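# Structure assessment
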Amino acid sequence: MSNEQIALFTIFGGTGDLAKRKLYPSLFRLYRKGFLKERFAVIGTARREWTDDYFREVVKESLIDFDSSENELDSFASHFYYQSHNVTETEHYHNLKKLATALDEKYRLNQNRIFYLAMAPNFFGLITEHLKSEKIVTPDGFNRLIIEKPFGTDYNSAAKLNDEIRGAFEEDQIFRIDHYLGKEMIQNISAIRFGNNILESLWNNKYIDNVQVTLAEALGVEERGGYYDKSGALKDMIQNHTLQVVSLLAMEAPAIFTEKNIREEKIKALNSVRIYSPEEVKQNFVRGQYGAGKLAGKEFINYRDELNVDPQSETETFVAGKLMIDNFRWRGVPFYVRSGKQLTEKGTRINIVFKPTPINVFRSENETACQAQDTPRNILTIYIQPTEGFSLTLNGKEIGDGFNINPVKMDFRHSADTLDNSPEAYEKLILDCLKGDSTNFTHWDEVAQSWRIVDVIRHVWDQETTEFPNYASGTMGPQAAFDLLERDGFNWIWNPDEWYRERGQLN
Ligand SMILES: NC(=O)C1=CN([C@@H]2O[C@H](COP(=O)(O)OP(=O)(O)OC[C@H]3O[C@@H](n4cnc5c(N)ncnc54)[C@H](OP(=O)(O)O)[C@@H]3O)[C@@H](O)[C@H]2O)C=CC1
Ligand SMILES: O=C1O[C@H](COP(=O)(O)O)[C@@H](O)[C@H](O)[C@H]1O
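Residues numbered from 1 in each chain as written. Chains lettered and ligands numbered in written order. Predicted model: local features only at pLDDT ≥ 70, side-chain atom pairs only at ≥ 80, totals over all residues. Heavy atoms only, no water.

Turning to the packing of aromatic side chains, a few remarks are in order. Scanning the model with the defined rule gives 30 aromatic pairs in all. Geometrically, the ring pair formed by Phe175 and Phe441 is edge-to-face, given 5.0 Å between the ring centres and 85° between the ring planes. Of this pair, Phe175 sits in strand E6 (residues 174-176) while Phe441 sits in the loop between helix H13 (425-435) and helix H14 (444-463), and the two are 266 residues apart along the sequence. A centroid spacing of 5.0 Å and a plane angle of 85° characterise the contact between Trp330 and Phe335, whose relative ring orientation is edge-to-face. With respect to class, Trp330 is no different from Phe335; both count as buried. Sitting above the plane of the Phe403 ring, Lys397 keeps its charged end 5.9 Å from the centroid. When the ring centre of Tyr383 is taken as reference, the NZ or CZ atom of Arg413 above it lies at 3.6 Å. (Phe/Tyr/Trp six-rings, centres within 6.5 Å; stacked < 30°, edge-to-face > 60°. Helix = DSSP H or I, 4+ residues; strand = E, 2+ residues; numbered from the N terminus. Buried < 20%, exposed > 50% of the residue type's maximum accessible area, 1.4 Å probe, protein only. Lys NZ or Arg CZ within 6 Å of the ring centre and 35° of its normal.)

This brings us to the UniProt feature "binding site: NADP(+)" (unreviewed entry) in the protein. The UniProt feature table records "binding site: NADP(+)" (unreviewed entry) at Gly13, Gly14, Thr15, Gly16, Asp17, Leu18, Ala19, Lys20, Arg47 and Lys149. Put simply, the named residues that line the largest cavity are Lys149. Inspection of the secondary structure puts Leu18 in helix H1 (residues 17-32). Ignoring sequence-local partners within four residues, the contact set of Leu18 consists of Leu23, Tyr116, Ala118, Glu148 and Tyr426. On the secondary structure map, Lys149 appears in the loop between strand E5 (143-147) and helix H6 (155-166). A relative accessible area of 24% means that Lys149 is categorised as partly exposed. Apart from the residues lying within four places of it in its own chain, the contact partners of Lys149 are Ile177, Tyr227, Asp236, Asn240 and His241. In terms of polar contacts, Lys149 uses its side chain to reach the side chain of Asp236, at 2.9 Å. (UniProt positions renumbered as here; feature names shortened; annotations may be inferred. 1 Å grid on protein atoms, 1.4 Å probe; cavity = no way out; pocket = protein on both sides within 12 Å on 5 of 7 lines; lining within 4 Å. Contact = heavy atoms within 4.5 Å. Polar contact = N/O pair within 3.5 Å; in protein donor to acceptor, adjacent residues only side chain to side chain.)

In this approach a probe as big as a water molecule rolls over the atoms, and the regions it shows empty are the leftover space. Approximately 390 Å³ is the volume attributed to the second largest pocket. Lining the second largest pocket are 18 residues; nearest its centre among them are Pro121, Asn122, Pro150, Gly152 and Thr153. Looking at the lining of the second largest pocket, the elements that each hand over two or more residues are H6 and helix H9 (225-250). The dominant element in the lining of the second largest pocket, judged by the number of residues it contributes, is H9, at six residues. Grouping the constituent residues of the lining of the second largest pocket by class yields five nonpolar, seven polar and six charged. Counting residues domain by domain, the lining of the second largest pocket receives three or more from each of domain 1 (7-148) and domain 2 (181-350 + 438-498). (Points joined across faces, edges and corners; volume = space filled by probe spheres on them. Nonpolar A, V, L, I, M, F, W, Y, C, P; charged D, E, K, R; others polar. Domains from an automatic or database assignment.)

In this section: the site of ligand 1. The environment of ligand 1 is made up of 20 residues, and the closest members are Thr15, Asp17, Arg21, Arg47 and Arg48. Here an oxygen atom of ligand 1 sits 3.1 Å away from a polar atom, N or O, in the main chain of Gly16. Contact between ligand 1 and Lys149: an oxygen atom at 3.0 Å from a main-chain N or O atom of the residue. Here ligand 1 loses 79% of its free accessible area of 880 Å² to cover by the protein chains. Class assignment of the residues belonging to the shell around ligand 1 gives a composition of eight nonpolar, six polar and six charged. (Near = heavy atom within 4 Å. Areas by Shrake-Rupley, 256 points an atom, 1.4 Å probe, with all protein chains shown as cover.)

Let's shift gears to the site of ligand 2. Around ligand 2 sit Lys149, His179, Tyr180, Lys183, Glu217, Arg224, Asp236, Met237, His241, Lys341, Lys346 and Gln385, and those are all the residues in its vicinity. Measuring from an oxygen atom of ligand 2, one finds a side-chain N or O atom of Tyr180 at 2.5 Å. The side chain of His241 places a nitrogen or oxygen atom 2.8 Å from an oxygen atom of ligand 2. When isolated, ligand 2 has an accessible area of 400 Å², and the protein chains bury 81% of it. Looking at the shell around ligand 2, the element that brings in the most residues is H9, giving three residues. Taken together, the residues of the shell around ligand 2 sort by class into two nonpolar, three polar and seven charged.

Attention now goes to the packing of H9 against H14. Between H9 and H14, whose axes approach to 10 Å, the crossing angle comes to 145°. The two elements H9 and H14 cross, and the hand of that crossing is right-handed. Contacts between H9 and H14 pair Ser231, Leu234, Lys235, Ile238, Gln239, Leu243 and Gln244 from the former with Glu446, Val447, Ser450, Trp451, Ile453, Val454, Ile457, Arg458 and Trp461 from the latter. Here the residues of the contact of H9 with H14 sort into nine nonpolar, four polar and three charged. (Axes fitted to C-alpha atoms, helices over the stretch in contact; angles between N-to-C directions. Left-handed = near helix turned anticlockwise from the far one by under 90°.)

Turning to the domain arrangement of the protein, a few remarks are in order. Much of the literature gives interface size as the accessible area that the parts lose upon coming together. Each domain of the protein was delimited in the assignment, giving domain 1 (7-148) and domain 2 (181-350 + 438-498). When each unit is reduced to the centre of its C-alpha atoms, the spacing between domain 1 and domain 2 is 34 Å.

Moving on to the side chain of Ser62. The topology assignment puts Ser62 in the loop between helix H2 (52-61) and helix H3 (70-77). Relative accessible area serves as the criterion here: at 17%, Ser62 is assigned to the buried category. Sequence-distant contacts of Ser62, that is, excluding residues within four places in its chain, are made with Lys20, Tyr24 and Pro25.

Following this line, the structure appears as structure tokens:
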């Protein structure tokens, strides 16, 4: 059976950074794998006046890292067309419609259309309204809208944006991208949980002590200071990616692994995340901003000295917090989350920290059960990126005299070969959209609840200023983030082996 997908892509923001860095390379990968063959076309639109030929050169340049022949690049690029278009001008949509109709006929596209909004969100409502009023949305075939983040800047703006878009597209036609949902190991969370009875049967507050989710970045804001300074880490990384990861970890098992069932369970999990009072926000969430520092021999500047960042900026580049999930499964189990820029290293990891055995039977005879140190905790670490895999520590007997208990690690990592051949997040998500599968996109109800969770935090922070910068680049964030866990008698785990060693539980 052919895997070929048939569609016309219209990319709004076709001259932009996202299109060049992510979208064109992803389309090329789909082309190479045969998901896109002859029956596809791409219209790139933006205000600048480019010719088709120039556009095709830009597309080819974006594929420079691929080992491909000029012939292959030319035949791929020949499917690309450029239409100069200002999204605020109604007449411009007429030309877009003409071109779309012509390409539909030329490539026999069955009126299947994907509109990719790779532009600033303030244009989304306007574009979708025009797509409908100017009848660029087709009566036959499918019409799907891919929307980039950020989806609003708080609950109210997101709801307004949603209403605007829903004026032209139904919820099942809207594909809100969260590129973390396209990552292989994020998708693997469900496989690890629901495919392994030894884990799922322990996946609750009886056996799990705490859950830790870290989304760490080594880089700073780079050229995106203008956007980032208005956003900050809470809206940039917690509202979307982090809460999505939490919902996948916390959700109940779906009756069957389908889009609708998964979505329902994720929404229920998010709805159970406690919305904090202002006092609880102060106790449970902390923020940071990076100062100058040194990392791997490289000097980093203060966040406030970055390009397009306000020199007095109060924007956080780091967030750590404790989420509580008020349902039967999770009552009392803290979900610690943290994300920040310019930290020690790039890495996304999840640690599921199990409770120790009820009593340490290996204690010495002159110790009571209360005096003895706990047995080392079992830790399940899910490595999302850059290394991908998972490990589980179990306790065993140390070789030799006596009866010393040692954690040993069962470690699985995907090989470099597998990783090289595995699809990139955007590639996967675009293919899902072509197939009409929105499992790995965010539904409005998820977006709405995520905003409700973070809005109260933002509101409290906006009332107060903090002493910034409060962490040096190349560290894992401000002291307050460490205190947050220590207060609960715990510590962040980054590398489980080091963590055991620090506790004298591993030689
Ligand atoms: N870049 C990234 O890595 C990521 C980006 N995003 C999101 O993707 C979206 C696009 O980001 P990015 O590509 O970085 O942004 P850019 O600023 O690089 O691109 C913006 C695009 O919009 C076009 N544009 C601006 N105004 C108009 C207009 N009135 N009519 C038509 N076109 C217009 C610009 O072209 P021209 O000037 O020629 O009109 C350009 O193609 C944003 O929502 C961003 O938040 C999300 C995640 C990551
Ligand atoms: O959405 C975003 O994600 C990136 C981090 O993505 P990753 O796939 O490299 O982990 C982050 O740098 C950016 O600020 C944010 O907008």
